[in-house]
Amino acid sequence: MSLDWIYFAISWILLTWHSAWDAIGVPVGAVIGTNWAWILAIIFLVVTVRVILFPVFVKQIKSQRAMQALQPKVKELQEKHKGDRETLQKEMMELYRKEKANPLMGCLPMFLQIPVFLGLFHTLKRLNPENGGKTLYGWTVDQFNSASSAKLFTAPISGRFGSTAADLAPLGANTGTVKVIAGVLVLIMIATTYLTSRQMILKTGWAEDPQQRMVQRLMLYGIPVSLLVSGSIFPIGVIIYWVTNNLFTLGQQQWVLRKFPPLVPPKKTTATGGKSPVQPAKTGLLGRKTAQPVAKAPAAAPKVAGPKPGAKPVNPKKAGNRPAKRQG
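The structure contained in this document is the topic of the report that follows. These figures come from a predicted structure and were not determined experimentally.

**Quick look at the packing of aromatic side chains**
Step number 1: For the structure on display, the rule yields 13 aromatic pairs.
Step number 2: Ring centres of Trp38 and Trp139 lie 5.8 Å apart, and the angle between their planes is 15°; this geometry places the pair in the stacked category. Here Trp38, found in helix α2 (residues 36–69), pairs with Trp139, found in the loop between α5 (108–125) and α6 (141–148); they are 101 residues apart in sequence, far enough to count as distant. Across this residue pair, the class does not change: Trp38 and Trp139 are buried.
Step number 3: Look at Phe117 and Phe234: their rings are 5.1 Å apart centre to centre, the planes differ by 75°, and that puts the pair in the edge-to-face class. Linking Phe117 in helix α5 with Phe234 in the loop between α9 (210–230) and α10 (236–259), this pair joins segments that are 117 residues apart in sequence. There is no split in this pair, since Phe117 and Phe234 are both buried.

**Thoughts on α5**
Step number 1: Between its terminal C-alpha atoms α5 stretches 26 Å, which fits the 26 Å expected from 18 residues at 1.5 Å a residue.
Step number 2: Helix geometry: α5 is bent most strongly at Ile114, by close to 30°, with proline Pro115 lying one to four residues after it.
Step number 3: Buried within α5 we find Pro109, Gln113, Val116, Phe117, Gly119, Leu120, Phe121, Thr123 and Leu124.
Step number 4: As for α5, its buried residues are in contact with α1 (4–24), α2 and α10.

**A short note on the packing of α5 against α10**
Step number 1: Running from N to C, α5 and α10 cross one another at 150°; their axes reach a closest spacing of 9 Å. Relative to α10, α5 is oriented roughly antiparallel. Note on element contacts: α10 touches α5 through Gly237, Val238, Tyr241, Trp242 and Asn245, opposite Gln113, Val116, Phe117, Leu120, Phe121 and Leu124.
Step number 2: Grouping the constituent residues of the contact of α5 with α10 by class yields 8 nonpolar, 3 polar and no charged.

**Describing the packing of α1 against α5**
Step number 1: Relative to each other, α1 and α5 sit at 75°, their axes nearing to 9 Å. In this view, α1 runs roughly perpendicular relative to α5, as classed from their interaxial angle. Contacts between α1 and α5 involve Ile6, Tyr7, Ile10, Ser11 and Leu14 on the former and, on the latter, Pro115, Val116, Leu118, Gly119, Leu120, His122 and Thr123.
Step number 2: Of the residues assigned to the contact of α1 with α5, the class counts are 8 nonpolar, 4 polar and no charged.

**Focus: a nonpolar patch on the surface**
Step number 1: Together, Met110, Phe111, Ile114 and Leu118 make up an exposed nonpolar region whose accessible area comes to about 340 Å².
Step number 2: A relative accessible area of 42% places Leu118 in the partly exposed class.

**Overview of the side chain of Lys151**
Step number 1: Relative to the assigned elements, Lys151 resides in strand β1 (residues 151–152).
Step number 2: For the buried Lys151, no salt bridge is present, and the opposite-charge side chain at shortest range is Glu130, 13 Å distant.
Step number 3: Here the side chain of Lys151 touches Ser149 through a polar contact of 3.3 Å, landing on its backbone oxygen.
Step number 4: In this structure, Lys151 is in contact with Gly33, Thr34, Asn35, Ile39, Pro156, Ile157, Leu171 and Gly172, ignoring residues within four places of it in sequence.

**Looking at the pattern of salt bridges**
Step number 1: Taken as a whole, this structure holds 3 salt bridges when the rule is applied.
Step number 2: Linking Lys90 and Glu86 is a salt bridge whose minimum nitrogen-to-oxygen distance equals 3.7 Å. Linking Lys90 with Glu86, this pair stays in helix α4 (residues 85–99), spanning 4 residues, or about one helical turn.
Step number 3: On the basis of relative accessibility, which here comes to 58%, the residue Lys90 falls in the exposed class.
Step number 4: With a relative accessible area of 56%, Glu86 lands in the exposed category.
Step number 5: Taking the shortest distance from any N to any O, the salt bridge between Arg160 and Asp167 comes out at 3.8 Å.
Step number 6: Judged by relative accessible area, which is 25%, Arg160 ranks as partly exposed.

Criteria and cut-off values
Numbering of residues starts from 1 in each chain and follows the order in which that chain's sequence is written. It should be noted that, the model being predicted, local features are given only for residues of pLDDT at least 70 and side-chain atom pairs only at 80 or more, the latter also being counted only at that level, while totals for whole chains, interfaces and linings use all residues. Heavy atoms throughout the structure, all of them, feed into the side-chain values; hydrogens and water do not. Stacked, tilted and edge-to-face pairs are distinguished by plane angle, under 30 degrees for stacked and over 60 for edge-to-face with tilted covering the rest, among Phe, Tyr and Trp rings (Trp via its six-membered ring) whose centres lie within 6.5 Å. Secondary structure follows DSSP: runs of H or I at least 4 residues long count as helices, runs of E at least 2 residues long count as strands, and numbering of each begins at the N terminus. Burial classification: accessible surface area is computed with a 1.4 Å probe over protein chains only, and a residue below 20% of its type maximum counts as buried, one above 50% as exposed, and the rest as partly exposed. To estimate the expected span of a helix, count its residues, drop one, and scale the result by 1.5 Å. At any given residue, the bend is defined as the angle formed between two axes, one fitted to the seven residues that end at that position and one fitted to the seven that begin there. Contacts between residues were defined by any pair of non-hydrogen atoms, one from each residue, lying within 4.5 Å. Geometry is summarised by axes, namely lines fitted to C-alpha atoms with helices restricted to the contacting stretch, and by angles between N-to-C directions that run from 0 to 180 degrees. The scheme is simple: roughly parallel for angles under 35 degrees, roughly antiparallel for over 145, roughly perpendicular for 65 to 115, oblique for anything else. Just so you know the grouping, Ala, Val, Leu, Ile, Met, Phe, Trp, Tyr, Cys and Pro go in nonpolar, Asp, Glu, Lys and Arg go in charged, and all remaining residues, Gly too, go in polar. Like-charged residues are merged into a patch within 9 Å and nonpolar side chains (Val, Leu, Ile, Met, Phe, Trp, Tyr) within 5 Å, provided each residue has over 30% relative accessible area and no salt bridge. With residues, only the protein chains shown are counted as cover, and all accessible areas are computed by Shrake-Rupley using a 1.4 Å probe. When a carboxyl oxygen of Asp or Glu lies within 4 Å of a side-chain nitrogen of Lys or Arg, that pair is called a salt bridge. Working convention for charge: Lys and Arg count positive, Asp and Glu count negative, and His plus the chain ends are omitted. Any N or O atom pair separated by 3.5 Å or less is treated as a polar contact, with the protein-specific requirement of one donor-capable and one acceptor-capable atom, and with residues adjacent in sequence counted only for side-chain atom pairs.

Below is the structure:
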């Protein structure tokens, strides 16, 4: 299947934003070795895509909440079919179907962004003054030449960490500078990719479902590690897109997690009517909570011995006022 429609769409968004920044007055030439109009065009390509995908992102959060609510039932099935993996998978799929929950919904926004990523990768890879077909995907010759010479701190946005001196010669760039800029951006890309996954897992917790937990581990560790290798073939412009996308995700997740907070698991109760014999904890030194012992019942008053059998009753008032007998 041809992906030309993606390349046309990505090119149109890039060129529209570049024209907008140019009209506002952002310098077309390099300032501090950077062509800011093209850098901002890539950044606002991210904003455009994320605004379009925002409803999908909200559905992702709601799906994750639904999966979290099903964890007690999933745990029951795991205990019931322990050792029978095939039956467990069938029962869990039936549970997801009945409750209209989709464990793959958590990855949907990322999958939808893959075509955008591929389109930008292909478009930026073409930016070489010696490349033919400059008017492909709606570009003019002037726009193509301007983007081909666009730089970030003197490193071309079409340059890569693995670019050779022969690759960079037509762009008038230094190999060492490109490696430094691309290397720093790759490290930032890896760190922000890890943080976006970690932020979500810290808020929602690890899933009980083995499949869902495997997806979480892949998102948290697998993808950042893979970027250490694949980042060397990404053009600098694509890495700018990825880092901006991660920063946007961190802020968006923070907002959505406040709007749709994770479910709080129910508190465990004792078998004696649901109340624990321990009083609510109080905060002690260093912010630690210490359990308070149950207050003991007041001690019973001591019993007063009664009068002996046959003794006359004594009036305490009269006994206290009676004068003492004289001696002798």
